[in-house]
Amino acid sequence: MHAEDIAACMAMGRHGAVLLPRSGGVLTHCNAGALATCGYGTALGVIRSAVESGSKIHVYADETRPFLQGSRLTAWELQKDRIPTTVIADNMAGAMMSQGKIGAVIVGADRVAANGDVANKIGTYSVAILAKEHGIPFYVAAPWSTIDLDTPDGAHIPIEQRSAREVTHMAERQLTPDGVGIENPAFDVTPHRYVTAIITERGVALPDFAQALKRMAELVTA
């Protein structure tokens, strides 16, 4: 299983690398790298593969509040690989796009519904809307095991609510007033209309996602 997972990530990398710009900025949100898989990564695997093929990419990593997977994990991984990386606060993505610093967005996924709706770390939906507004492609890299053809759309994906302490505290320091209400959904759902392509180890699915994902499934089971 370990070897199969790495092989799947590397296949995703090969399929997706050609979609990224040959140079310039690429934004990612949360951690979809070697630390989130058995190695190489999904979204970061695509970035790694693009760099290995000669692309001159500068990664902008959203910090990914409230648990900071981007600033703690993604930045660390890319720094180890000597891939130029800049960490930005989550609310800076739109400004970076408007300044022309970002040419593509690529994220991972925790589940993809049959129609192409994508559940991923909270904040992904906002990034997708910003990308659409600025005419920037928004790519999702996800292993086939993440594609759930039994779930018709994103409205049927349950969203985990995590501890309020992730929002109220930074380590042992409290950041919010006592008694204030807290919402901390771990994920959000990005409607398929904001997704440019879904990259899997079986290939790249383009809209119409419902038909494209169904064809992918049929090819393998035939």
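Up top is the structure these notes are about.
Attention here is on the structure that accompanies the text. (Residues numbered from 1 in each chain as written. Predicted model: local features only at pLDDT ≥ 70, side-chain atom pairs only at ≥ 80, totals over all residues. Heavy atoms only, no water.)

Concerning the overall build of the protein chain
Secondary structure assignment for the protein chain yields seven helices and 13 strands. Radius of gyration (C-alpha) of the protein chain: 17 Å, near the 17 Å computed for a compact globule of 222 residues. Taking the principal axes of the C-alpha coordinates as reference, the protein chain spans close to 60 × 40 × 35 Å. Per-residue burial over the protein chain gives 50% buried out of 222 residues. (Helix = DSSP H or I, 4+ residues; strand = E, 2+ residues; numbered from the N terminus. Rg over C-alpha atoms; globule rule 2.2 N^0.38 Å. Buried < 20%, exposed > 50% of the residue type's maximum accessible area, 1.4 Å probe, protein only.)

Digging into the sheet that holds strand 7 (residues 138–141)
Reading across from one edge, 3-2-1-4-7-12-13 is the order of the seven strands in this open sheet, with mixed pairing throughout. In this open sheet, the two strands that pair with only one neighbour each are strand 3 (85–88) and strand 13 (203–205). Strand-to-strand twist in this sheet, taken as the mean axis angle between neighbours without regard to direction, amounts to 25°. When strand 1 (residues 23–28) meets strand 2 (residues 56–62), the two strands line up parallel, connected through six bridges. Bridging across to strand 2, Val-26 finds its partner in Val-59. In the packing of helix 3 (residues 69–80) onto the sheet, contacts are made with strand 1, strand 2 and strand 3, and the angle to strand 2 comes to roughly 160°. (Pairing = 2+ DSSP bridges. Axes fitted to C-alpha atoms, helices over the stretch in contact; angles between N-to-C directions. Contact = heavy atoms within 4.5 Å.)

So, the pairing of strand 6 (residues 118–121)
On a regular strand, each side chain points to the face opposite its neighbour's, so the side chains alternate between the two faces of the sheet. In this sheet, strand 6 lies alongside strand 5 (residues 111–113) in antiparallel orientation, the contact comprising two bridges. Across the sheet, residue Val-112 finds its bridge partner in strand 6, namely Val-118. Of the strand pairs in this sheet, strand 6 and strand 11 (residues 187–190) are connected by four bridges, and their pairing is antiparallel. For Asn-120, the partnering residue across the bridge sits in strand 11 and is Asp-188.

Observations concerning the nonpolar core
In summary, soluble globular proteins display a tendency toward joint burial of nonpolar side chains. Judged by nonpolar contacts, the single largest core of 30 residues is most densely connected at Leu-27, Val-105, Phe-138 and Val-140. Elements represented by at least two residues in this core include exactly helix 4 (93–98), strand 4 (104–107), helix 5 (124–133), strand 7 and helix 7 (209–221). At five residues, the largest contribution of residues to this core is made by helix 7. Not counting chain neighbours up to four residues away, the residues in contact with Val-140 comprise Val-107, Gly-108, Ala-109, Val-118, Val-195, Ala-197, Ile-198 and Ile-199. The next biggest cluster of nonpolar side chains, apart from the first, holds 22 residues, and it includes Ala-43, Ala-50, Leu-78 and Tyr-139. (Core = buried A, V, L, I, M, F, W, Y, C linked by side-chain atoms within 4.5 Å.)

No statement about biological role is implied by the geometric values presented.
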